[in-house]
Amino acid sequence: MRQPPLTSTASFRALASHAAEAKDWQLRQLFAADAERFPAMTTDAAGLFLDYSKNRADARTIALLLDLARERGVEAQRDAMFAGEKINLTEGRSVLHTALRMPRGKQLLVDGQDVGAEVHAVLERIKAFTDRVRAGAWLGHSGKPITDIVNIGIGGSDLGPKMACLALRSYAHPRLKMHFVSNVDGHDMDAALEQVHPETTLFIVASKTFTTAETMLNAHTARRWFLASAKEEHLARHFVAVSTNTAAVQAFGIDPENMFPFWDWVGGRYSLWSAIGLPVALSVGFGYFSTLLEGAYAMDEHFRTAPLEQNMPVLLALTGFWNRQFLGAASLTIAPYHQDLNRFPAYLQQLEMESNGKRVTRGGQPVDTPTCPVVWGECGTNAQHAYFQLLHQGTDIIPIDFIAALRPTHDLDGHHDALLANCFAQSEAFMKGKSADEVRAELAAQQLPPAQIDALVPHKTFPGNRPSNTILMDQLTPATLGALVALYEHKTFVQGVLWDIASFDQWGVELGKVLAKKIESELTGEIDPARHDSSTNGLILMAKAAKVQ
Ligand code: F6P
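As a convention, each chain's residues are numbered from 1 in the sequence order in which they are written. pLDDT decides what is reported in this predicted model: residues at 70 or higher carry local features, side-chain atom pairs at 80 or more are listed and counted, and totals for whole chains, interfaces and linings draw on all residues regardless. As a convention, hydrogens and water are excluded, and side-chain values are obtained from all of the structure's heavy atoms.

- Looking up the protein chain in an unreviewed UniProt entry gives the name Glucose-6-phosphate isomerase, with the organism given as Pseudoduganella violacea.
- UniProt positions are given in the numbering used here, feature names are shortened, and annotations may be inferred rather than shown by experiment. Recorded under Function (unreviewed entry), the UniProt text for the protein chain is reproduced unchanged: "Catalyzes the reversible isomerization of glucose-6-phosphate to fructose-6-phosphate."
- The UniProt entry for the protein chain carries this comment under Subcellular location (unreviewed entry): "Cytoplasm".

Written as structure tokens, this is what we have:
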């Protein structure tokens, strides 16, 4: 359905005039005025708890945002996605990552095919294969069990499995060491090959299209390295593929028996749940991989059925939308207070920015508001000692998503209380700030001379009023990780619906790919100066000159 421009909708206009009233709101005052703010602005689902009370919003703000969600058709579009309608308009595809985590036996017919049955048939193959490798029954060509797994893939074929293997480190198989090679930069492959031995290494070539230049180059390099000490007939024990492109996998020399398929209705950045998750299943075992899927399914069911007022992905999306549109927040920082979620911000960068980094509507018209904020981040407490300074006292408003587990998966004394104390203290500090009067009183108590107090007060004052969300879980487990990732997937979906943008394509990555191919041919052959500007020509010539040294 063609949507009217966002700013012309009745609910957006109501929000805009509400925002004008709310412009000077102070979070401190909102908390002081309402003792029930925390219970009123928290919700839980699928083992996760969301506290969105530290946003510059009140009950009326949320009610108006919910009106907008309804006016933009969030519920109908959500149902269309789950039903397998072709909501990826520019590629004419269904968007069915949710089908990848449906329980066995649940039917979903798309174009006459039972998607659920196909998904579970592949899951069975994943189980059989991963059980053998983990048990030491899948042997390398010289009869030794596999000890190292090198996943070769990029973007969605790398970020999800890499993030999840690290997040579930405590569940990992003790014999299997996971490596991830994504970058076309040979240093990446070089560093991995340095650590592994051809007799005991399994390579997974993971690419939805099996045409991605970086992955193909890395896969050929790995194959050459392997064949330097082994024979062609040994390849089958050491190379498997995950792809939708059987012909290209075969052309590369991987037996289709060793190929784990998925489908064009799985977007790259939504593919962790498909056979792209093979490294995760190898590392933590098929049982825990299934629990990851169950956690995501629990969040799917919540998103699909909970009233919007208590719907966690919807509330996360709406508060983020409010910050973006009406507070001018151009970026969002993700602060996991959990070292094992170290790669989660990088994972979310692709999920949110590749999905909603768009400037036209689904109908092809320029959007009339800003869209996806820049997503970035780093684990707490490391981030506190690096860039939190800017978040506290810089000139921009940068909302923060704090993510933490109430219980650790280690048993080292003292660390977890220190970690959680920092997490909660930061969210309090961002909210409250520290007024000039408070600073002055503090400095006076230290008996500093008045002139020094006057000079220091502006530097030591924190404006506060910085919005944040806090997401808590009991422990980081396969189930809560699954729910967490699905939470952000659905948040991204809801924001895409609000902005009326095509969240499931990524044409923006194409231009650079095409130009890189041309320049690569010039680095090895003749340069065509007429093709480029003076800067690009100059850079190409410098690289060519370095080669002849
Ligand atoms: O170029 C961007 C992109 O298509 C991503 O969307 C995708 O996750 C990545 O490249 C890798 O693609 P593939 O799995 O086909 O190699």
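Resuming the write-up.
Side note on the domain arrangement of the protein chain
Right, so step 1: The assigned domain composition of the protein chain is domain 1 (6–71 + 306–432 + 466–499), domain 2 (97–291) and domain 3 (510–547).
Right, so step 2: Its C-alpha centre places domain 2 at a distance of 34 Å from the equivalent point of domain 3. Domain segmentation is taken from an automatic or database assignment of domains.

Some points on the layout of surface pockets
Right, so step 1: The distinction between a cavity and a pocket rests on a 1 Å grid over the protein atoms alone: a 1.4 Å probe fits inside a cavity but cannot get out, while a pocket stays open yet meets protein on both sides within 12 Å along at least five of seven lines, and a residue with an atom within 4 Å of a point counts as lining. Grid points are joined across faces, edges and corners, and a volume is the space filled by probe spheres set on the points. In this structure, the largest pocket occupies an estimated 1100 Å³ of space.
Right, so step 2: Along the wall of the largest pocket there are 41 residues; nearest its centre are Thr209, Thr212, Val509, Glu510 and Lys513.
Right, so step 3: Elements with a minimum of two residues in the lining of the largest pocket: α9 (213–227), α15 (344–356) and α21 (510–524).
Right, so step 4: Per the convention used, a helix needs a DSSP run of H or I reaching at least four residues, while a strand needs a run of E reaching at least two, with both numbered from the N terminus. The biggest single contributor to the lining of the largest pocket is α21, with seven residues.
Right, so step 5: Note on residue categories: nonpolar means Ala, Val, Leu, Ile, Met, Phe, Trp, Tyr, Cys or Pro, charged means Asp, Glu, Lys or Arg, and polar means any other residue, Gly included. Tallied by class, the residues present in the lining of the largest pocket amount to 14 nonpolar, 16 polar and 11 charged.
Right, so step 6: When residues of the lining of the largest pocket are assigned to domains, at least three fall in each of domain 2 (97–291) and domain 3 (510–547).

Examining the pairing of strand β1 (residues 42–45)
Right, so step 1: Between any two strands, at least two bridges found by DSSP are needed for them to pair. Judged from the four bridges that link them, β1 and strand β2 (residues 48–51) form a sheet pairing that is antiparallel. Along β2, the bridge assignment pairs threonine 43 with leucine 50.
Right, so step 2: Linking two consecutive strands that pair antiparallel, namely β1 and β2, is a turn of two residues; a positive phi of about 50° is found at alanine 46 within it.

Quick word on the side chain of histidine 238
Right, so step 1: In this fold, histidine 238 is placed in helix α10 (residues 235–238).
Right, so step 2: A simple rule labels every residue: compare its accessible area, found with a 1.4 Å probe on the protein chains alone, to the largest value its type can have, and call it buried under 20%, exposed over 50%, or partly exposed in between. The exposure class assigned to histidine 238 is buried, which follows from its relative accessible area of 0%.
Right, so step 3: Counting of polar contacts relies on pairs of N or O atoms within 3.5 Å, with two restrictions inside protein: one atom must be capable of donating a hydrogen and the other of accepting it, and residues adjacent in sequence are counted only when both atoms are side-chain atoms. Polar side-chain contacts of histidine 238 include one of 2.9 Å to the backbone nitrogen of histidine 141.
Right, so step 4: Leaving out residues up to four positions away in the same chain, histidine 238 has contacts with Gly140, His141, Pro198, Glu199, Thr200, Thr201, Leu202, Phe203 and Phe226. Any two residues whose heavy atoms approach within 4.5 Å are treated as being in contact.

Some details on the UniProt feature "active site" (unreviewed entry) in the protein chain
Right, so step 1: Sequence positions flagged by UniProt for "active site" (unreviewed entry) are, in local numbering, Glu354, His385 and Lys513. What stands out for the annotated residues spanning 160 residues is how far apart their C-alpha atoms range, the widest pair being 36.6 Å apart. Checking the annotated residues one by one, the ones that line the largest pocket turn out to be Glu354 and Lys513.
Right, so step 2: Within the fold, histidine 385 resides in the loop between β11 (374–377) and α16 (388–393).
Right, so step 3: A residue is classified by how much of its surface remains accessible, and histidine 385, at 71% relative accessible area, is exposed.
Right, so step 4: Note that lysine 513 resides in helix α21.

Quick word on empty space enclosed by the protein
Right, so step 1: What the rule picks out here adds up to three cavities of 30 Å³ or more.
Right, so step 2: Of the volumes computed, that of the largest cavity is approximately 130 Å³.
Right, so step 3: In terms of lining, the largest cavity is formed by 17 residues, of which the most central are Gly320, Asn323, Leu332, Pro399 and Lys491.
Right, so step 4: Within the residue set of the lining of the largest cavity, elements represented by two or more residues are α14 (312–326), β10 (331–337), β12 (400–405), β13 (468–473) and α20 (478–499).
Right, so step 5: When its volume is computed, the second largest cavity comes out at roughly 90 Å³.
Right, so step 6: Per element, the largest residue contribution to the lining of the second largest cavity is three residues, and it comes from α20.

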